[in-house]
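# Residue-level structural notes
Each chain is listed here by its residues.
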Amino acid sequence: MSAEDLLGTQGPRKGILLLLSGPAGSGKSTLLRRALSEDRNLVFSISCTTRSPREGETDGQDYHFLSDDEFSKRVENNEFLEHAEVHKWRYGTLSNAVVDILNKGKDVIMDIDVQGADQVRDSKDPVISDALVDVFLTTSDTTELEKRLRGRDSEDEDTFQLRMQTAVDEIKRWRDYTYCILSGNHEEDFKVLSSILATERMRVSRMAT
Ligand code: 5GP
């Protein structure tokens, strides 16, 4: 008897929407890249942004780089699951792209800020709300965060202070999330995230119907 016959399941499982937030310097991008490279069932949610591509970034792969007008049109057409302004630029997630992947039974991982996370949590679409697993990644103290942010590039002191303040304000939102990972090293963070995913994948409600 096959597993499908025994369990009486057909059709695809329900995908997870793994929402990852955390301040700059928390190690979020590294963690996300590692998860994507090691987990073949995870698909990256490519956000739209009005900021310019950085060196090494590819349109349609890292972000969909849009003009301000194009972004506004998509807002008017209600194409975004969420959108927000972060550091003077606009960022948003296209609903259709996420829903299509989830409906195929794949898991989506998204890196969005705390304002965007609020909107995803408020989504009335059951495909989104059933799939959502929201995770906050942060260092446990500002000394470590400061060290990581200072190590980044040669910004002037005012810009650095602004980035630190934004990070501290974001950390205050950690209780809004279902899971909070206190960042240790990259290996530990990856292990914790993988175990959250593994556990969430075992939920009966996510298994094929
Ligand atoms: P960066 O410009 O450094 O790639 O990203 C800056 C910030 O924008 C990060 O905190 C990231 O989480 C956030 N961000 C990236 N994509 C989105 C998105 O689609 N929506 C929202 N709300 N924030 C995003």
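Shown above is the structure to which this text applies.
Here we summarise the structure given alongside this text.

A word on the sheet that holds strand E2 (residues 42–44). Spatial ordering of the open sheet is given by E2-E7-E1-E8-E9, a layout of 5 strands whose pairing is parallel. Only two strands of the sheet have a single neighbouring strand rather than two, namely E2 and strand E9 (179–182). Each strand axis lies, on average, 25 degrees off the axis of its neighbour in the sheet, ignoring direction. With respect to the sheet, helix H5 (residues 114–121) is in contact with strand E1 (17–21) and strand E8 (132–138), its orientation differing from that of E1 by roughly 150 degrees. Most of the contacts of helix H9 (residues 186–201) go to E9, to which it runs at about 160 degrees, and overall it touches E1, E2, strand E7 (107–111), E8 and E9.

As a further point, take the packing of aromatic side chains. Applying the stated criterion to the full structure yields 4 aromatic pairs. Plain terms: the ring middles of Phe136 and Tyr177 are 5.0 Å apart, the flat faces sit at 50 degrees to each other, and that makes the pair tilted. Remark: Tyr177 occurs in the loop between helix H8 (157–171) and E9 and Phe136 occurs in strand E8; sequence separation between them is 41 residues. Three or more aromatic residues link up through ring pairs in this structure, and these residues are Tyr63, Phe65 and Tyr91.

When you line up the elements, Leu32 lands in helix H2 (residues 28–38). Each C-alpha atom of the pair Leu32 and His87 lies 21 Å from the other, and the pair is 55 residues apart in sequence. Apart from residues lying up to four places away in sequence, Leu32 is in contact with Leu20, Phe44, Ile109, Met110 and Asp111.

With that settled, the discussion passes to the pattern of salt bridges. Tallied over the full model, the rule gives 20 salt bridges. Measuring nitrogen to oxygen at the nearest pair gives 2.8 Å for the salt bridge that ties Asp107 to Arg201. Of the two residues, Asp107 is situated in strand E7 and Arg201 in helix H9; the sequence distance between them amounts to 94 residues. When sorted by exposure, Asp107 lands in the same class as Arg201, which is buried.

Moving on: the site of the ligand. Inspection of the region around the ligand gives 15 residues, with Ser47, Arg51, Tyr63, Tyr91 and Asp111 positioned closest. Between the ligand and the protein, one listed contact pairs an oxygen atom with a side-chain N or O atom of Arg51 at 2.6 Å. Take Thr93: an N or O atom from its side chain is 3.4 Å from an oxygen atom of the ligand. Surface burial for the ligand is 88%, taken as the share of its 510 Å² of free accessible area covered by protein chains. Those elements giving two or more residues to the shell around the ligand turn out to be strand E5 (80–86) and strand E6 (89–94). In terms of residue class, the shell around the ligand is made up of 5 nonpolar, 4 polar and 6 charged.

Moving on to the nonpolar core. Counting 18 residues, the largest nonpolar core has Leu17, Leu19, Leu102, Met110, Val120 and Ile128 as its most contacted members. Within the residue set of this core, elements represented by two or more residues are E1, helix H4 (95–103), E7, H5, helix H6 (126–131) and E8. Per-element tally for this core: the top contributor is H4, with 4 residues. Sequence-distant contacts of Val120, defined by excluding residues within four places in its chain, comprise Leu17, Leu19, Leu81, Glu82, Ile112, Ile128 and Leu132. Core analysis: the next-biggest nonpolar cluster, separate from the first, contains 16 residues, Leu32, Leu137, Phe190 and Leu197 among them.

The rules behind these values
- Residues numbered from 1 in each chain as written.
- Predicted model: local features only at pLDDT ≥ 70, side-chain atom pairs only at ≥ 80, totals over all residues.
- Heavy atoms only, no water.
- Pairing = 2+ DSSP bridges.
- Helix = DSSP H or I, 4+ residues; strand = E, 2+ residues; numbered from the N terminus.
- Axes fitted to C-alpha atoms, helices over the stretch in contact; angles between N-to-C directions.
- Contact = heavy atoms within 4.5 Å.
- Phe/Tyr/Trp six-rings, centres within 6.5 Å; stacked < 30°, edge-to-face > 60°.
- Salt bridge = Lys/Arg side-chain N within 4 Å of Asp/Glu carboxyl O.
- Buried < 20%, exposed > 50% of the residue type's maximum accessible area, 1.4 Å probe, protein only.
- Near = heavy atom within 4 Å.
- Polar contact = N/O pair within 3.5 Å; in protein donor to acceptor, adjacent residues only side chain to side chain.
- Areas by Shrake-Rupley, 256 points an atom, 1.4 Å probe, with all protein chains shown as cover.
- Nonpolar A, V, L, I, M, F, W, Y, C, P; charged D, E, K, R; others polar.
- Core = buried A, V, L, I, M, F, W, Y, C linked by side-chain atoms within 4.5 Å.

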